[in-house]
Amino acid sequence: MDDKTIMATILSDVKGACDLMMHGSIESSTADVHATFRDELNRSLDRQSRIYAKMSEKGWYPSEAVDCKKIEQTKQKFSSAK
């Protein structure tokens, strides 16, 4: 398995953990449980950010600039749908 695939798998796993921690925080029944989930969510989000940055640095997770006209078109499309 190549490094890109390994990193993509790790990123996916960390995103799943973030989802779990977010829902655990939302559904927690006590302040202590909420704080534990919230703190782990913050650590997981930091981990996710660092993995994404490393992948972007290597060109494995490219992001592209979007033309402002496309953004405005999309905004108008959804604002007129109300």
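Everything discussed here concerns the structure shown above.
Because the structure is a prediction, the values reported are computed rather than measured.

**Student:** Would you take a moment to explain the packing of aromatic side chains for this structure?
**Tutor:** Two aromatic rings are characterised by how far apart their centres lie and by the angle between their planes. If you walk through the whole model with that rule in mind, you get 1 aromatic pair. Consider the rings of Tyr52 and Tyr61, whose centres lie 4.9 Å apart with planes at 80 degrees: the pair is edge-to-face. The class of Tyr52 is partly exposed, set by a relative accessible area of 31%.

**Student:** Help me understand the side chain of Ser28 in this model?
**Tutor:** Mapped onto the elements, Ser28 comes out in the loop between α1 (3-27) and α2 (31-57). Residues within four places of Ser28 in sequence aside, it is in contact with Val33 and His34.

**Student:** Mind showing me how you'd approach the nonpolar core here?
**Tutor:** Nonpolar side chains in soluble globular proteins tend to be buried together. In this structure, Met7, Leu11, Val14, Cys18, Met21, Leu41, Ile51 and Met55 together form the largest nonpolar core, which totals 8 residues. Listed by contribution, the elements that provide at least two residues to this core are α1 and α2. By residue number, the principal contributor to this core is α1, which donates 5 residues. Those residues in contact with Leu41 that sit more than four places away from it in its chain are Cys18, Met21 and Met22.

**Student:** Please explain the pattern of salt bridges as it appears in this structure.
**Tutor:** Proximity of charged atoms lets side chains of opposite charge pair with each other. Counted by the stated rule, this structure contains 6 salt bridges. Among the charged side chains, a network of salt bridges with common partners joins Glu40, Arg43 and Arg47.

**Student:** Hey, could you run me through helix α3 (residues 68-79) in this one?
**Tutor:** For an α-helix the count is 3.6 residues per turn, leaving residues at separations of three or four pointing the same way. Here α3 spans 16 Å end to end across 12 residues, near enough to the 16 Å set by a 1.5 Å rise per residue. Summarising burial for α3: 0 of the 12 residues are buried, a small minority.

**Student:** Just to check I follow, could you spell out the environment of Tyr61 for this structure?
**Tutor:** Structurally, Tyr61 can be placed in the loop between α2 and α3. Its relative accessible area of 31% is what places Tyr61 among the partly exposed residues. Along the primary structure Tyr61 and Phe78 are separated by 17 residues, whereas in three dimensions their C-alpha atoms are 28 Å apart. When near neighbours in sequence (up to four residues on either side) are disregarded, Tyr61 contacts Leu11, Lys15, Tyr52, Met55 and Ser56. A distance of 3.3 Å separates the side chain of Tyr61 from the side chain of Lys15, its partner in a polar contact.

**Student:** In this structure, what is going on with a nonpolar patch on the surface? I would like to understand it.
**Tutor:** Residues Met1, Ile6 and Ile10 make up a contiguous nonpolar surface patch of about 320 Å² in total accessible area. The exposure class of Met1 is exposed, given its relative accessible area of 79%.

Rules behind the numbers
- Residues numbered from 1 in each chain as written.
- Predicted model: local features only at pLDDT ≥ 70, side-chain atom pairs only at ≥ 80, totals over all residues.
- Heavy atoms only, no water.
- Phe/Tyr/Trp six-rings, centres within 6.5 Å; stacked < 30°, edge-to-face > 60°.
- Buried < 20%, exposed > 50% of the residue type's maximum accessible area, 1.4 Å probe, protein only.
- Helix = DSSP H or I, 4+ residues; strand = E, 2+ residues; numbered from the N terminus.
- Contact = heavy atoms within 4.5 Å.
- Core = buried A, V, L, I, M, F, W, Y, C linked by side-chain atoms within 4.5 Å.
- Salt bridge = Lys/Arg side-chain N within 4 Å of Asp/Glu carboxyl O.
- Expected span 1.5 Å × (residues − 1).
- Polar contact = N/O pair within 3.5 Å; in protein donor to acceptor, adjacent residues only side chain to side chain.
- Patch = residues over 30% accessible without salt bridge, like charges linked within 9 Å, V, L, I, M, F, W, Y side chains within 5 Å.
- Areas by Shrake-Rupley, 256 points an atom, 1.4 Å probe, with all protein chains shown as cover.

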